[in-house]
Amino acid sequence: MGNCQVCCKNFWCHSKNTNVRISLPAVCFLWQIAMIILFGAFVRYNEESDAHWPDYKKEHNITSDSENDFYFRYASFQDVHVMIFVGFGFLMTFLKRYSFSAVGFNFLIAAFGIQWALLMQGWFHSLDPTDGFIKIGVENIINADFCVASCLIAFGACLGKTSPVQLMVMTLFGVTLFAVEEYIILELLHARDAGGSMTIHTFGGYFGLTISWILYRPNLHQSKRLHGSVYHSDVFAMIGTLFLWMFWPSFNSAIANHGDGQHRAAINTYLALAASVLTSYAISSLSANKGKLDMVHIQNATLAGGVALGTASEFMITPYGSLIVGFCCGILSTFGYLVLSPFMEKHLKIQDTCGIHNLHAMPGLLGGVVGAITAATAIHLTMLKNIFEFVGTKRTPSTQGGYQAAGIAVALAFGIVGGAIVGMILRLPLWGDPADDNCFDDEVYWELPEDEESIPPILEYKNHMDIKNPDACVSESNFSVDQS
Amino acid sequence: MGNCQVCCKNFWCHSKNTNVRISLPAVCFLWQIAMIILFGAFVRYNEESDAHWPDYKKEHNITSDSENDFYFRYASFQDVHVMIFVGFGFLMTFLKRYSFSAVGFNFLIAAFGIQWALLMQGWFHSLDPTDGFIKIGVENIINADFCVASCLIAFGACLGKTSPVQLMVMTLFGVTLFAVEEYIILELLHARDAGGSMTIHTFGGYFGLTISWILYRPNLHQSKRLHGSVYHSDVFAMIGTLFLWMFWPSFNSAIANHGDGQHRAAINTYLALAASVLTSYAISSLSANKGKLDMVHIQNATLAGGVALGTASEFMITPYGSLIVGFCCGILSTFGYLVLSPFMEKHLKIQDTCGIHNLHAMPGLLGGVVGAITAATAIHLTMLKNIFEFVGTKRTPSTQGGYQAAGIAVALAFGIVGGAIVGMILRLPLWGDPADDNCFDDEVYWELPEDEESIPPILEYKNHMDIKNPDACVSESNFSVDQS
Amino acid sequence: MGNCQVCCKNFWCHSKNTNVRISLPAVCFLWQIAMIILFGAFVRYNEESDAHWPDYKKEHNITSDSENDFYFRYASFQDVHVMIFVGFGFLMTFLKRYSFSAVGFNFLIAAFGIQWALLMQGWFHSLDPTDGFIKIGVENIINADFCVASCLIAFGACLGKTSPVQLMVMTLFGVTLFAVEEYIILELLHARDAGGSMTIHTFGGYFGLTISWILYRPNLHQSKRLHGSVYHSDVFAMIGTLFLWMFWPSFNSAIANHGDGQHRAAINTYLALAASVLTSYAISSLSANKGKLDMVHIQNATLAGGVALGTASEFMITPYGSLIVGFCCGILSTFGYLVLSPFMEKHLKIQDTCGIHNLHAMPGLLGGVVGAITAATAIHLTMLKNIFEFVGTKRTPSTQGGYQAAGIAVALAFGIVGGAIVGMILRLPLWGDPADDNCFDDEVYWELPEDEESIPPILEYKNHMDIKNPDACVSESNFSVDQS
């Protein structure tokens, strides 16, 4: 392999154009300006965030400001916000030389996605029929964060192989699809899905996997040198894992019903997550020589319990029911990393960088099924009345279970079909994605500091070195080796 | 020292069997299955997390969902949760090559411990006599996190010298002992200890120190090469320190009385922590050549103010009283690191990796004493009535002070006696603990990425190198040096 | 350059005395003792954190503990607390060899500043006229954190060039000036500034810039080798960025009015921040070869939207108004880093290490202007009544706008004049600041671990090496290169 013809610098460089100097600013500006115009036309404060709130309180005999929805949900919102930006962002820093992109692109697409989600979800859920405005409050911004989560899951499958422009396009379509799918599941089917096992994880997971399948790179092994972690990048990733793990009870309870709904959702999720930690560690240790644990499993499979309780967390699934779900999910997810991911890459041509199939898609499906079963077998009349609000409808538990199951199918269909369409769009040669031998590398889209500490410098740079002149070498690479 | 006879790979390897491939999964599965069965038999939602909450509200004339305990405590719970998993976990990442184990084992034992704590504490505190079930709500999960904290403190003393199986066994017994000790102190002696100076820190500290004393390793110096920090591992540890420091006001106020109790506990802890920062820096600087600060003191002693207010934070200790406690604790704790830890290692044969004696045991004791004095000298009648609920009992402030002091003795006794018993159990040659020359090394229990960035590669690997053949060298160690 | 005459060790060392072994402990002890005495004389709990709260409730017909201000503000307080200690602290870890100082000095001066702020702000805002005591509650500790933020902003301008003793002195004066300035703006001019665009960011920004101008170092280029980031230090800095970004809605809403005020402030800030992310990325990409993003912009300019909504966040600025403010600020701030910072360093002799002019000073000014315009053009009568509490005053919207504008001038004047005075004090040759060739180096004030991983060892240490004796070399520097 000779030196690059374009930049004359890196010997692994290539002719594929990764210049995003026009396209990235153009997309950012265009979409932000569109957001401003659409917000101007459509978005206003709701009665709880508007300055008329004191009058509203009086009219509705609300005696205390503490009845404002803000105080029921804001603490949970901030936890969810941390999951979206630090949780997802840092979870993906595990690659040795892709931490800037992991955190940075996650930041960019989430910041765009939440705006577009407020509009899309607003049109479907929060439109005030009296004046045609979307009225937003704290629940809307939580839902916007949720919506974006589905796109960040999809980002996990494509990590390292896409340009920021592609990710912005993916997010635009992903949020749009999410809002429609969510509307069908929650408003038309009247299924419940407070923590989004179906709407967020199943949809996001299969959306990302299908995109990754369409964007299959047969020669990705050319980037193999960067397709792994280093010691400190794994520790950074644990920041993401832990903030996701700790705040998942807030994720699943953030938009549950006030009172017992939020309370129970938090407790159930807390328990399921604890159980999935133990079984993830068990399977990880069981599968390796000398019982050594694998960071990939610890960083990911431990979270599966939270995903799988996304639908049922607010139901009366009982504490031991939550533990059972977490128990199964930790096993399932770790097996996924051990068996399914290699299988999918080899035989199905799906390159799933973060293993979202094991962390989101499968546990999400399972969560949908758990929700359907819990609903179908509900014997608590109070649960039916208070959670599913059956009063005034003619549903029985088993029909509700059926509608829950239909929700899974909708999420799956939107994920796969939507992913196929968006994948085709992302294959257009416009978006500045990296070449096969240049994936998983921050160098492509970031100005990097001059240290070389995290990549093995000698093996990679060796061809550059003037082995006759050690001093020249030293000035190029601080850790390099020279012989005289 | 020749190459290892077992793995034929690392020259410092040894014959001690650290294979946990059977024992770790077995322990995880067994205990998780036991949890599921016991939860099935004993644990249900309490009236505030059960779907009957709307009916309960009506029966008890509760007008608003905001009266659900969830909204009084959930934000604090999440802060405590962050302290347990990120705070304790990252605080212990300071070792150069033990960050995976620090974060990972902390994660494992905490996730197990909270489940077992819900049961143990439930049997003692939350058993519903009408149906024999433990009824759980948000206060229970906070208490479970608290209980686990005592085991994580003990982990700090043993850091680097124990296998994950040992830690699981230690947690099983530690949680059990904690629940009994806490029952005696809070329910029998009717002492108050909202932030756990006695129940958590004194017990946990002496429990860990006694275990460490029983597990004394005379040849631990053989692992000296790994017994220190590197630049970035110290920065990671500061993540732990800061999250502990920032959220300690939530720790001490999480289960205090609604209203002024939680409010005052947060303010007092905030002030004590601020004061202990200044005196820790002062003593650290005073003790070193040219006044250079030592990261060990900054990472640990700054937290002592929070520990020492664990008992008294909800009392009317006054703002300046809190500052005085923090002032003294910062000094005491830093002196501990400077003087006592080396003394204990040399003369008492206690190897206390994280210096928990200085951060938890001593400040915990002091906190118990501060609590006893504050109670004994209480002159606010309202304080006696509202905090100690003296109405209907015959206690005077000074007898309450006496009972508080008795609580310290109970915590101490449980820590030392319990630690001795558990330490003996952990000495059984079953648990796969590392050899003396293999401590503080993630290599033993983790699959590590192939970089060598964080350990000094030349000094360690030197014997491997073929100094005649530089190319062979290069392929083994990327940063190595070769001469021809 | 020969070896140092003082320590005989580092060849870049120098004769300037950076020994703080007497001065730092002295300052810490003196000021902490002063705090204890002043707190003893002046500070007590307010009626909501005092044990009399149950009686107070009864007297004032408050039916629920949830009316205690603690439950309206404590979750936001904890978010603000994270911003102060982790947000500001980690944002400044970007330098390759100044992470200990960034996090550690931030910790020290914030812990001192919050105590002094409680007193200073207490005398001006919370003095109980009946007994002469400052009565503190949760709002006071939030305000203390806010006050300290202005000093941490100033620290950003001086980062790497000041001793901890200087920073303590700077904080003492900075907090004092802040309290007076805040009193004039909020209590005398009756301007509103819930998130502190004027009081915190404009004041803090110009205060720091003026100090940095007075402390100008013409030979700072001698420390150029350390004036940059390494890969992992940039990832650490992203922890700071993200926690600031995520929790800024809490910052701007923490002390806004209960109910709609806090609710709206959070939503507006959320939106402005999202918009400033997109325009920061756009300008960063547009300005670089091949569209490569620059971490400096991503770490800082993305936050400008939160700064600029500090005043107007609780106003009825509308959601699209917030987006427009964020849009402009992202552009303005990134341009600042590209154009203004180099200009200021070259022509105005202001060395602004963290670029606080672009992140705080300019967006703060803009925020003040946005607030003045929003107030002046307020057409919602309810807004005037509920936010500005116009009932009983004779102000019109336009006069309120004028008073808001006057507030900007006050903040600016205090920043510049105060900064000049404090800067002169800090120039006294007492404080142990580093020499020009020794800036940005943790070595000066910290005991460092022995690894050299983060600095380019070969170029720097080369003179030390005995090139004839490779083994000697190896023992000095693990990554060094030797030839025979």
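Every value quoted in this text rests on a predicted model; they were computed, and no experiment measured them.

Calculation notes
- Per chain, the residues get numbers from 1 upward, laid out in the order the sequence is written.
- All chains are assigned letters beginning at A, and all ligands numbers beginning at 1, according to the order in which they are written.
- Restriction of local features to residues with pLDDT of at least 70 applies here, the model being predicted, together with a cutoff of 80 or more for giving and counting side-chain atom pairs; totals for whole chains, interfaces and linings are based on all residues.
- Remark: hydrogens and water are excluded; side-chain values derive from all non-hydrogen atoms of the structure.
- C-alpha atoms of residues with pLDDT of at least 70 in both copies form the basis for the least-squares superposition of the copies.
- The contact rule is simple, with two residues in contact once any of their heavy atoms fall within 4.5 Å.
- A run of DSSP states H or I qualifies as a helix once it reaches four residues; a run of E qualifies as a strand once it reaches two. Both are numbered from the N-terminal end.
- Counted as a polar contact is a pair of N or O atoms within 3.5 Å, where, for protein atoms, one must be capable of donating a hydrogen and the other of accepting one, and residues adjacent in sequence contribute only when both atoms are in side chains.
- For helices, the fitted line uses only the C-alpha atoms of the stretch in contact; every axis is such a line through C-alpha atoms, and the angle between N-to-C directions lies from 0 to 180 degrees.
- In what follows, roughly perpendicular refers to angles from 65 to 115 degrees, roughly parallel to angles under 35, roughly antiparallel to angles over 145, and oblique to any angle outside these ranges.
- Handedness of each helix crossing follows the sense of rotation of the near helix against the far helix: counterclockwise by less than a right angle gives left-handed, clockwise gives right-handed.
- For this scheme, ten residues count as nonpolar: Ala, Val, Leu, Ile, Met, Phe, Trp, Tyr, Cys and Pro. Four count as charged, namely Asp, Glu, Lys and Arg, and the remainder, Gly too, count as polar.
- Accessible area that two parts lose when put together, evaluated with a 1.4 Å probe and summed over both, is termed the buried area.
- Each salt bridge in this description consists of a side-chain nitrogen of Lys or Arg and a carboxyl oxygen of Asp or Glu lying within 4 Å of one another.

1. A closer look at the relation of the copies chain A and chain C
Then comes step 1: Aligned on chain C, chain A shows an RMSD of 0.0 Å; the corresponding rotation is 120° and the shift along the axis is 0.0 Å. Both copies of the chain, as the preceding transformation shows, are related through a three-fold rotation axis.
Then comes step 2: In this assembly the copies use different faces: only 12% of the residues contributing to the interface of chain A also contribute to that of chain C.

2. Some remarks on the side chain of S223(A)
All names here are of chain A.
Then comes step 1: By secondary structure assignment, the location of S223 is in the loop between α7 (197–214) and α8 (231–253).
Then comes step 2: A polar side-chain atom of S223 sits 2.5 Å from the main-chain carbonyl oxygen of D436.
Then comes step 3: With sequence-adjacent residues up to four places away left out, S223 is seen in contact with D436, D437, N438, C439 and F440.

3. Some remarks on the packing of helix α8 (residues 231–253) of chain B against helix α4 (residues 99–125) of chain C
Then comes step 1: In contact at an axis separation of 9 Å, α8(B) and α4(C) are set at 20° when each is read in the N-to-C sense. Regarding the angle of α8(B) to α4(C), the classification is roughly parallel. Along this stretch, α8(B) crosses α4(C), giving a crossing that reads as left-handed. Residues Y231(B), D234(B), V235(B), M238(B), T241(B), L242(B) and W245(B) of α8(B) form the contact with α4(C), whose participating residues are S99(C), F100(C), V103(C), F107(C), A111(C) and I114(C).
Then comes step 2: Of the residues in the contact of α8(B) with α4(C), the class split is 10 nonpolar, two polar and one charged.

4. What to know about the relation of the copies chain B and chain A
Then comes step 1: Superposing chain B onto chain A takes a rotation of 120° plus a shift of 0.0 Å along the axis, which leaves an RMSD of 0.0 Å.
Then comes step 2: Of the interface residues in chain B, just 13% have counterparts in chain A that sit at the interface too, so the contact is made through distinct surfaces.

5. Quick notes on the interface of chain B and chain A
Then comes step 1: Taken residue by residue, the interface counts 86 residues in chain B and 83 residues in chain A.
Then comes step 2: Summed over both partners, the interface of chain B with chain A buries about 7,300 Å², with 70% contributed by carbon and sulfur atoms.
Then comes step 3: In terms of surface lost to chain A, no three residues of chain B exceed R21(B), Y45(B) and F107(B), which account for 10% of the buried area on that side.
Then comes step 4: Across the contact surface, chain B and chain A share one salt bridge.
Then comes step 5: Here K292(A) and E443(B) are joined by a salt bridge, their closest N and O atoms 3.3 Å apart.

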